[in-house]
Amino acid sequence: MSEEIGSESNLASTRVAVIGLGYVGLPLIRACINAGYAVVGFDIDINKVASLRRGCSYIDDVSNCEIQDWLTRDFHPTTESIELINIDVFVICVPTPLTKSGGPDLSAIEAASHMIEERLSNTIHEVSKPLVILESTTYPGTTEEVVQPILEKHGLVAPRDFNLAFSPERIDPGNQLWTFENTPKVVGGLTQECADAVEAFYEPLTTEVVRVKGLKEAEMAKLLENTYRHVNIALINEMAKISHELGIDIWDVISAAETKPYGFQAFRPGAGVGGHCIPIDPNYLSHRVKTELGQPFRFVELAQEINASMPAYVVVRLRDLLNASGLSVNGARILVVGVTYKPNIADLRDSPAIGVVRNLLKNGAEVVYLDPLVTELTVDGRLITRHHSSAAPNEYDAAVILQAHDSFSFRDLSFVSERWLDASSVRPLSTGSGYTRI
Ligand SMILES: NC(=O)c1ccc[n+]([C@@H]2O[C@H](COP(=O)([O-])OP(=O)(O)OC[C@H]3O[C@@H](n4cnc5c(N)ncnc54)[C@H](O)[C@@H]3O)[C@@H](O)[C@H]2O)c1
């Protein structure tokens, strides 16, 4: 066991437990292993742990080779909490979804905290003081109000017996440029001592550690980042709708606006927001604002409403284009291109493409999808037909491009058109007269 977590002489003897082996947990493990920490990966999903033990990855950004390499170094995946022995650092990376009523579902954080409490209570830390870090995105106050009381329920006290910290995960799946290692890591501790400990832990893993005043500032920083994206995506989506009505090309407008070297960041319209961050995290904040302050967080609610309306809007635009060609959605054969929630990953979670397909099916369209990263697409229990390369050029009445993967050349759509097509475009094939963007 290490004398001081993260100190150069003790990296190899620092034992890290990563709780939750998903999109956030696995890149963290990569950074820990490369820095020289010993890692136990814990997950309740036996299939994921079995897959890791076989050296097989289930997320885009981590390869099989990497996992096989970790296994030969100091990586041990498990579903057995009893195997979390002599752990110096526990990092919680479990999901934070919404309940059916739209509020925060902290059950995974609570379960992970109970499990860690049991391990802490059963381990005598003779030399180092264990450190518990929450990385899951959540509302400000969670670490102190939810995690800490669970960890202290049988007599342990922070920071006397363990250090407690929050560090928001900023992983951007599919992003090759900004990775865990070169993205600054924000940290906040319960006390100065806790902040020192969490800073020391991450320092060997990333190029920069950014220390904030406390736990709530670190929790809120993540929500500011995601709410900023959510609100700006909603803004450009509404601008797109309005511009269409006014006969203005919003894409031309964005290209012009982004020539300004300061004070403007370009966001582009699309079919909505997806994944387990942007559509969900701002709700954690608005829930907190409502329960604590008794008032709505109007920006978030409006953004939610606008972004959620986009799949139906795409179908309305498609309907209008088909109408202009004497066709209707009902009975049309429509190709939906790119169904993941963002480019270059296979993640379908809360993808707005699901909403588009659902709406098209409801309106009587026959839907076929094309996505090189997705081998199977099910919407409301219905298996959607995958495009086959033998499809004839005139097989579809329209193609809706919702996502552009780098690996996917729009030349692959030459069976549809010789012309270059951009992402988030709607093209009426039957007119053969160019494409229309949202
Ligand atoms: N995916 C992203 O892009 C991203 C980015 C930044 C932050 N986050 C946040 O990080 C957290 C994790 O997200 P993710 O995308 O890695 O989720 P994920 O669903 O990919 O992985 C979470 C893992 O935790 C496991 N798990 C659930 N309950 C558990 C428990 N009690 N004990 C141990 N393991 C448990 C699940 O089986 C799953 O394998 C969330 O709060 C999310 O909002 C995600």
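Residues numbered from 1 in each chain as written. Predicted model: local features only at pLDDT ≥ 70, side-chain atom pairs only at ≥ 80, totals over all residues. Heavy atoms only, no water.

Trainee: I'm lost on the pattern of salt bridges in this one. Help?
Mentor: Two side chains that carry opposite charge are able to pair once their charged atoms sit near each other. Tallied over the full model, the rule gives 19 salt bridges. The partner of Glu169 in a salt bridge is Lys185, and the shortest N-O contact between them spans 3.7 Å. Pair noted here: Glu169 is in the loop between strand S6 (163-166) and strand S7 (185-189) and Lys185 is in strand S7, with a separation of 16 residues, a long-range link. For the pair Glu169 and Lys185, one class covers both residues: buried. Taking the shortest distance from any N to any O, the salt bridge between Arg349 and Asp347 comes out at 3.1 Å. Given a relative accessible area of 2%, Asp347 falls into the buried group. (Salt bridge = Lys/Arg side-chain N within 4 Å of Asp/Glu carboxyl O. Helix = DSSP H or I, 4+ residues; strand = E, 2+ residues; numbered from the N terminus. Buried < 20%, exposed > 50% of the residue type's maximum accessible area, 1.4 Å probe, protein only.)

Trainee: Which parts of the structure should I look at to understand the sheet that holds strand S8 (residues 209-211)?
Mentor: Strands in a sheet are paired, the pairing made by backbone hydrogen bonds, and the direction either parallel or antiparallel. The strand order S3-S2-S1-S4-S5-S6-S7-S8 describes an open sheet built from eight strands, whose pairing is mixed. Either end of the sheet is taken by a strand with one partner, and the two such strands are strand S3 (75-78) and S8. Strand-to-strand, the axes of this sheet are offset by a mean angle of 25°, without reference to chain direction. Here four bridges tie strand S2 (residues 38-42) to S3, and the two strands are oriented parallel to one another. Bridged to Val39 within S3 is Phe75. (Pairing = 2+ DSSP bridges. Axes fitted to C-alpha atoms, helices over the stretch in contact; angles between N-to-C directions.)

Trainee: How should the site of the ligand be read in this particular structure?
Mentor: Around the ligand lies a shell of 28 residues, among which Val24, Asp43, Lys48, Thr96 and Thr137 are the nearest. Taking Val24, its main chain carries an N or O atom lying 2.9 Å from an oxygen atom of the ligand. Here an oxygen atom of the ligand and a backbone polar atom of Thr137 are 3.0 Å apart. The leading source of residues in the shell around the ligand is helix H4 (residues 107-121), at three residues. In terms of residue class, the shell around the ligand is made up of 15 nonpolar, six polar and seven charged. (Near = heavy atom within 4 Å. Polar contact = N/O pair within 3.5 Å; in protein donor to acceptor, adjacent residues only side chain to side chain. Nonpolar A, V, L, I, M, F, W, Y, C, P; charged D, E, K, R; others polar.)

Trainee: Please clarify how the side chain of Ser167 should be interpreted in this entry.
Mentor: When you line up the elements, Ser167 lands in the loop between S6 and S7. Ser167 gets classed as buried once you look at its relative accessible area, which sits at 0%. At 2.9 Å, the side chain of Ser167 forms a polar contact with the side chain of Lys185.

Trainee: Teacher, can you tell me more about unusual backbone geometry here?
Mentor: Most peptide bonds take the trans form, and the phi angle of most residues other than glycine is negative. For the bond from Ala158 to Pro159, the omega torsion is 0°, close enough to zero to count as cis. Counting through the fold element by element, Pro159 comes out in the loop between helix H5 (142-151) and S6. Phi is positive for Asn86, close to 50°, though the residue is something other than glycine. Following the sequence through the fold, Asn86 ends up in the loop between S3 and strand S4 (89-92).

Trainee: Explanation requested: the nonpolar core in the structure shown.
Mentor: Note on soluble globular proteins: their nonpolar side chains tend to be buried together. One finds Phe201, Tyr202 and Leu205 to be the most contacted residues of the largest nonpolar core, which totals 33 residues. The biggest single contributor to this core is helix H1 (residues 25-35), with seven residues. Setting aside chain neighbours within four positions, we find Tyr202 in contact with Leu28, Val91, Ile133, Glu135, Ser167, Phe180, Lys185, Val187 and Val209. Formed by 32 residues, the second largest nonpolar core is a distinct cluster that contains Ile87, Ile116, Val132 and Ala218. (Core = buried A, V, L, I, M, F, W, Y, C linked by side-chain atoms within 4.5 Å. Contact = heavy atoms within 4.5 Å.)

Trainee: What should I look at first to understand helix H11 (residues 352-362) in this one?
Mentor: Given 3.6 residues per turn, any residue in an α-helix points the same way as the ones three and four places further on. Counting buried positions along H11 gives eight out of 11 residues, so the element sits mostly inside the fold. Those residues of H11 lying buried are Pro352, Ala353, Ile354, Val356, Val357, Asn359, Leu360 and Leu361.

Trainee: For this particular structure, what's the right way to read the environment of Ser81?
Mentor: Tracing the sequence through the fold places Ser81 in the loop between S3 and S4. Spatially, the C-alpha atom of Ser81 lies 7.6 Å from that of Arg119, the residues being 38 residues apart in sequence.

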